[in-house]
Amino acid sequence: MNVAIEPSWKEKLSPEFNKPYFAELTNFVRMEYKKYTCYPKGKDILAAFDHCPFYETKVVILGQDPYHGPNQANGLCFSVKDTIPHPPSLVNIFKEIKVDVGAPYPKSGNLERWADQGVLLLNATLTVRANTAGSHQNKGWEQFTDAVITSISTHLEGIVFLLWGGFAKRKATLINASKHHILTSGHPSPLSANRGLWFGNNHFSKTNSLLAQMGKPLIKW
């Protein structure tokens with residue numbers, strides 16, 4: 001199957017594209033986009049890979065689902081398009097960054113600026129039906145994105161994985177902890193953050209400290 005994905009990712013993930021589940025997934029997504037309003041736009045479904053080529057990946061942040069409101073999702077987890085109000089989880093991410101590394105709270109919630117520095121912003125499920133959270137779960141996306149995580153773990157070294165919340169933490173079993181760095185905390189959503197499970201995790205300064213130790217460029221959060 002010919003999938004329009006960034007070339008270095010295509011090389012690593014090509015076995016997935018030829019598996020039966022991926023053909024079923026493709027058909028499902030195509031029909032959903034034809035029958036319903038779905039997010040992100042078709043051209044943005046694989047945007048996380050387009051902005052962060054395989055061998056330029058330094059950090060991986062895992063999300064669960066794209067945002068399902070109008071004009072929010074742009075194919076990167078936790079990210080919204082320019083001018084779109086920041087969802088609560090993203091607000092808490094920016095608040096933690098301000099305290100942790102002193103970066104000012106940004107106007108734009110578009111995280112392409114992170115992705116272009118080597119932060120893979122990967123949702124476990126890459127599409128969603130409008131106003132229906134979780135509507136495209138268990139259709140094959142999770143198998144595909146698990147293969148992404150496994151490929152990174154196998155073929156790269158010294159990647160910093162940020163696993164926020166229970167769902168993301170379960171992905172730790174796919175990662176070789178002896179050659180990568182895994183940082184975990186509660187989810188930045190208000191439900192978790194307000195219970196003291198998010199703020200003060202210092203993941204952004206810790207990530208840069210680890211990158212510095214490996215001689216890699218730091219992320220401008």
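Quick note: structure is the one above.
To start, this report covers the structure provided alongside it. Quantities reported herein were computed from a predicted structural model and do not represent experimental measurements.

Two elements in contact, helix 2 (residues 20–35) and helix 6 (residues 141–155), have axes separated by 9 Å at closest approach and are oriented at 125°. As summarised for this structure, helix 2 and helix 6 are arranged oblique, according to the angle between their axes. For the element pair helix 2 and helix 6, the recorded crossing hand is left-handed. Mapping the contact onto sequence places Tyr21, Phe22, Leu25 and Val29 in helix 2 and Trp141, Gln143 and Phe144 in helix 6. Taken together, the residues of the contact of helix 2 with helix 6 sort by class into 6 nonpolar, 1 polar and no charged.

Right, let's get into the packing of aromatic side chains. Under the criterion given, the structure shown has 17 aromatic pairs. A centroid spacing of 6.1 Å and a plane angle of 85° characterise the contact between Tyr21 and Phe22, whose relative ring orientation is edge-to-face. When its relative accessible area of 10% is taken as the criterion, Tyr21 is described as buried. Its relative accessible area of 6% is what places Phe22 among the buried residues. Each ring, one from Trp198 and one from Phe204, has its centre 6.4 Å from the other, and the planes form 75°; the classification is edge-to-face.

Turning our attention to unusual backbone geometry. Geometrically, the link from Tyr39 to Pro40 is a cis peptide bond, its omega value of -5° lying close to zero. In this structure, Pro40 sits in the loop between strand 1 (38–39) and helix 3 (47–51). The backbone of Asn71 sits at a positive phi, close to 60°, despite the residue not being glycine. Topologically, Asn71 is positioned in the loop between strand 2 (59–63) and helix 4 (88–101). Here the phi dihedral of Thr83 falls at roughly 75°; this positive angle occurs in a residue that is not glycine. With respect to the element layout, Thr83 can be found in the loop between strand 2 and helix 4. On the basis of relative accessible area, Thr83 is assigned to the exposed category, the value being 78%.

For a regular strand, side chains alternate in direction, first toward one face of the sheet and then toward the other. The buried count for strand 3 (residues 119–123) comes to 5 of 5 residues, which makes it a mostly enclosed element. Of the two faces of strand 3, the one carrying Val119, Leu121 and Asn123 and the one carrying Leu120 and Leu122 are both buried. Across 5 bridges, strand 2 lies against strand 3 in parallel orientation. Paired with Leu62 across the strands is Leu122, a residue of strand 3.

Each value, and the rule that gives it
- Residues numbered from 1 in each chain as written.
- Predicted model: local features only at pLDDT ≥ 70, side-chain atom pairs only at ≥ 80, totals over all residues.
- Heavy atoms only, no water.
- Axes fitted to C-alpha atoms, helices over the stretch in contact; angles between N-to-C directions.
- Helix = DSSP H or I, 4+ residues; strand = E, 2+ residues; numbered from the N terminus.
- Parallel < 35°, antiparallel > 145°, perpendicular 65-115°, else oblique.
- Left-handed = near helix turned anticlockwise from the far one by under 90°.
- Contact = heavy atoms within 4.5 Å.
- Nonpolar A, V, L, I, M, F, W, Y, C, P; charged D, E, K, R; others polar.
- Phe/Tyr/Trp six-rings, centres within 6.5 Å; stacked < 30°, edge-to-face > 60°.
- Buried < 20%, exposed > 50% of the residue type's maximum accessible area, 1.4 Å probe, protein only.
- Pairing = 2+ DSSP bridges.

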